[in-house]
Number of protein chains: 2
Amino acid sequence: MTQQASIAALNERVAAVNDVLNATSVLTWDSRTMMPPGGAETRGQQIATLTRVARDLLLSSETEAALGNAERAIESLPDDAPERRIVAQTRHAFEHHRRVPASLIQERAALRTVAQAAWIEGRAKSDFSIFAPHLARTVELSRAYADCIGWSEHPYDAMVSIYEPGETASSLKRLFATLRSSMQPILDAARSRPAPRSDFLFREFPEEGQRAFGLSMAEKLGYDLKRGRLDTTVHPFEVSFTRNDVRITTRYNRNYLPASLFGTAHETGHGLYEQGVDPAYTRTTLATDLVGLYAVGGTSFGAHESQSRLWENHVVRSRTFWQLHFPELQRHFPDQLGDVSAEEFYRAVTRVEPGFIRVEADELTYDFHIMLRVDIECALMDGSLPVADLPAAWNAAIKRDLGLDVPNDSKGVLQDVHWSTGYIGSFPTYTIGNVMAAQVMETLRRQDVGLDAAVDAGDYAGLADALRGKIWQHGRRFMRDELLVRETGRGLDPAPYLAYLQGKYAS
Amino acid sequence: MTQQASIAALNERVAAVNDVLNATSVLTWDSRTMMPPGGAETRGQQIATLTRVARDLLLSSETEAALGNAERAIESLPDDAPERRIVAQTRHAFEHHRRVPASLIQERAALRTVAQAAWIEGRAKSDFSIFAPHLARTVELSRAYADCIGWSEHPYDAMVSIYEPGETASSLKRLFATLRSSMQPILDAARSRPAPRSDFLFREFPEEGQRAFGLSMAEKLGYDLKRGRLDTTVHPFEVSFTRNDVRITTRYNRNYLPASLFGTAHETGHGLYEQGVDPAYTRTTLATDLVGLYAVGGTSFGAHESQSRLWENHVVRSRTFWQLHFPELQRHFPDQLGDVSAEEFYRAVTRVEPGFIRVEADELTYDFHIMLRVDIECALMDGSLPVADLPAAWNAAIKRDLGLDVPNDSKGVLQDVHWSTGYIGSFPTYTIGNVMAAQVMETLRRQDVGLDAAVDAGDYAGLADALRGKIWQHGRRFMRDELLVRETGRGLDPAPYLAYLQGKYAS
């Protein structure tokens, strides 16, 4: 077989895996936006079967043979050839899945069903003891999973590698120490200032107006509706079924306008990343997370979050955005926002107000919620924190970081769905996204002095072009830090994020 | 392995096939209702991959072994045990697919892509010669396919067996001869009467009112929206992803009210069938067309069509339905229908008006369109009609049956999408559905003398219960004629249909 044919044969195997994973994503999207309630049970079975089929296709003897041929075929290619990365990533995923026995996958899937039910009941009753035994089992199975994948320093490293390859328990510890020490004074300063007026955010905002403004905003930012759509859901998300069908969702809270505004901006950022992946990568390893068995073009969860945060916080949650676009929002809601100025609106949506709930947190306190969770995940994985002590550890951290007394476990340790789904290790990616967003923006501003002026004038095409060139188009060709080194000259660096927070929230 | 375990092991294999086929259906539904235009190309690849995966799962050595074990396990079961049917149907499908080589499947798939493009172009230009070579190749590949499956009397028999097992070229010839000889006088009588007033059907009917009435009607007829939903599409269809998620679609023509009214009633009938399948059959062979590789609970295309036609024509296209519900329709459209009586409305929607286009045909002339196509399909398959002579044969039949001169091929031989998709043999099921609907209704009326009175009073629950008991719940456990013999005492019989048409259209 020629070099080209060998690589094509491997690509064809991966394309089938990608098709199945994209199908899985369609079924998930449908279940969260369109599906009538009756469909839930069999939909779960359909998704489980497709996930198993994708793994079986990846681990099949045909894929293994194609992989071996491709490995021999690329030997003569230059080091930076995309084909090398395709083959290496496919091999990495193949070995990853080969190390995890099907029995462990089944055990985790079975646990998820009962753990989720217990979590729902526990949260409703605010009783951690209902969920605790299932969480303990989740930790056990996660350790078994980590042992299969392999790790050297800390079992958490294996789990994080699924979502954010390159990060480890110790790298996160260093990052968080830097963030905490610099963010605490900013938070103290912000809390010492009088709270701005925000009553108008809680008025009655009919869904139609929220949707119309959100759609118009998404298009302004560059989201292509010929390759996407905006729907309503309970927990907003973005999902792609190749770069040419990238869907975003949002939730309309009639009595709290920012939820859909910034939620839509956030998902638009995710969507722009996926819509911007090189068309040549469609259905290849470079647009498929073969380790996580998820059809996605973004190179890591953190890199993905960097793009959603960039558009949500650096662009839309900015003074100049509302100076420009608040009149349009007022036209949709003349009665509700007639007595509000653009500056008042900006101050309201950037007010700092420590609270118990992560998903309701402001930009400044959000990372404290994340760091708390990551600390706990590490301690659960290495056994230094018994599950029974988790609520006390949680509440102490909230008291220390935010000065709040957690009233009950529903507003504390039971608030997030993540652990009940059996997964540990994805939380760090939220904060990594925040850090990376600021680092990328700082570089772009340095390299193109006209960029800020264009964005301030409501022209977002230049920013989108720059991000497409630096990040989106590459899909999964480069690992996150490879991409950062290429485009910003260094690996993940918290300094620009801290400078950004300082400028926005300390004065 | 115990008997139970052997059957369970086979069921588990089939359940995975069913999951994949249901996933395929979700992707198809999405592509016809929700998908942005950009998604079309990769969606086609995703659907093709899932279909291949389903076939591979069915033909896998694991399924073959499970099938062998199950065959040995059922030997001691009674003849009418559902397990016997599960095993026999799975074996039948297994052998069917084993006989068709993957190369032929690929060739048909490749042809479909070019044939559809040629058909679209040919229809736009009303030039049959553009499509003709692709149709000729379609016929060749269909013959090769028929030869793989096997047939004794006529190659068409193999094709029909995919959609309507039990029917053959010769059984259809007999059926059509009976229908033609009795329906022609009814048609002549209908055409000799003056046309009723129908101008009001073509007024401006906003979509919201059509949708509201359609949804209300579907629920009246028994369609369960907790296990379904109604969406908008270009070519209306019903599709199920197990009995607990059965979706219908319709199209709103602002200037022709009957399209959505009777279209929605039609798809509701299909939906009722699927929602009514025994829950115990979920994800089994008895709710999966393993030959057609389509996740469906109805036992044949014709049986399915019988239920859609029954609700569309026997219930909704009836005088008493509009005597009861026309006031509700008027409330949605007071300006458009204020000057119309229920009787005028009924007469307008049952007017007989021969035309060129099948999908616009009235109830009485519809079957003539079908019989024409089936005659042509038979003649193409046995080689007695060269493709080049097709337009002339088509136009002569339209002249003979409906007295019309076909003005061009777009309004004649090029009007339907079916042949361009590479499939031949599904057309008979439309007429079989009409015949079966009347046969079932006649039996129900004979067995339950109160049924008509209840339906005439707007109470459709008794009819739905009867149909669920006789037909829907059985899923694919019985073949169509087995079901008819069980429930009506005889196989497919055109007499009740002819009596029904006589009563409705001859006087």
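Residues numbered from 1 in each chain as written. Chains lettered and ligands numbered in written order. Predicted model: local features only at pLDDT ≥ 70, side-chain atom pairs only at ≥ 80, totals over all residues. Heavy atoms only, no water.

Quick look at the overall build of chain A now. The helix and strand tally for chain A stands at 21 helices and 3 strands. In terms of C-alpha radius of gyration, chain A reaches 23 Å, essentially the compact-globule figure of 23 Å for 507 residues. Across its three principal directions, the C-alpha atoms of chain A cover 70 × 55 × 50 Å. Residues classed as buried in chain A amount to 57% of the 507 residues present. Within chain A, counting contacts between residues at least 6 apart in sequence, those at least 24 apart form 75% of the total. (Helix = DSSP H or I, 4+ residues; strand = E, 2+ residues; numbered from the N terminus. Rg over C-alpha atoms; globule rule 2.2 N^0.38 Å. Buried < 20%, exposed > 50% of the residue type's maximum accessible area, 1.4 Å probe, protein only. Contact = heavy atoms within 4.5 Å.)

Let us now look at the UniProt feature "active site" (unreviewed entry) in chain A. Residue and element names in this part refer to chain A. Residues annotated in UniProt with the feature "active site" (unreviewed entry) correspond here to Glu-267. With respect to the element layout, Glu-267 can be found in helix 10 (residues 258-275). Discounting residues that sit within four places of it in the chain, Glu-267 has contacts with Pro-236, Phe-237, Glu-238, Ile-248 and Thr-249. (UniProt positions renumbered as here; feature names shortened; annotations may be inferred.)

Before going further, it helps to examine the relation of the copies chain A and chain B. The transformation that overlays chain A on chain B combines an axial shift of 0.0 Å with a rotation of 180°, and the residual RMSD is 0.0 Å. Such values leave the two copies arranged in the relation of a two-fold axis. Of every C-alpha in chain A, the one belonging to A:Ala23 sits nearest the axis of rotation, 3.6 Å from it. (Least-squares fit on C-alpha atoms with pLDDT ≥ 70 in both.)

Counting residues at the interface gives 36 residues for chain A and 36 residues for chain B. Among the residues chain A hides against chain B, the three largest losses belong to A:Met34, A:Pro36 and A:Gln46. Together they make up 18% of the total. Scanning the region where chain A abuts chain B turns up 4 salt bridges. With a shortest N-O distance of 3.6 Å, A:Arg43 and B:Asp245 are connected by a salt bridge. There are 12 residue pairs in polar contact (both at pLDDT 80 or more) connecting chain A and chain B. Looking at the side of chain A that touches chain B, the elements with two or more residues in it are helix 1 (3-33), helix 2 (40-59) and strand 1 (228-232) of chain A. (Buried area = accessible area lost by both parts, 1.4 Å probe. Salt bridge = Lys/Arg side-chain N within 4 Å of Asp/Glu carboxyl O. Polar contact = N/O pair within 3.5 Å; in protein donor to acceptor, adjacent residues only side chain to side chain.)

All names here are of chain A. With 22 residues, helix 6 (residues 128-149) extends 30 Å from end C-alpha to end C-alpha; this agrees with the ideal 32 Å at 1.5 Å per step. Inspection of helix 6 places Phe-128, Ile-130, Phe-131, Ala-132, Leu-135, Thr-138, Val-139, Leu-141, Ser-142, Tyr-145, Ala-146 and Ile-149 among the buried residues, and these make up the whole buried set. Where the residues of helix 6 are buried, they touch helix 4 (82-99), helix 5 (102-125), helix 7 (155-163), helix 15 (366-381) and helix 16 (390-402). Where helix 6 ends, the next residue or the one after it, Gly-150, has phi of about 100°, a positive value. (Expected span 1.5 Å × (residues − 1).)

What follows concerns the packing of aromatic side chains. Residues and elements named next belong to chain A. All told, the structure shown has 31 aromatic pairs over all chains when counted by the stated rule. Each ring, one from Phe-213 and one from Trp-322, has its centre 6.0 Å from the other, and the planes form 20°; the classification is stacked. One end of the pair, Phe-213, is in helix 9 (residues 207-221); the other, Trp-322, is in helix 12 (residues 319-332), and 109 residues separate them in sequence. A single burial state applies to Phe-213 and to Trp-322, both of which are buried. Three or more aromatic residues joined by ring pairs make a cluster, and in this case those are Phe-200, Phe-213, Phe-262, Phe-321, Trp-322, Phe-326, Phe-345 and Tyr-460. Over the ring of Phe-262 we find Arg-317, and its NZ or CZ is 4.0 Å from the ring centre. Across from the ring centre of Tyr-430, 5.2 Å away, lies the NZ or CZ of Arg-358, which sits over that ring. (Phe/Tyr/Trp six-rings, centres within 6.5 Å; stacked < 30°, edge-to-face > 60°. Lys NZ or Arg CZ within 6 Å of the ring centre and 35° of its normal.)

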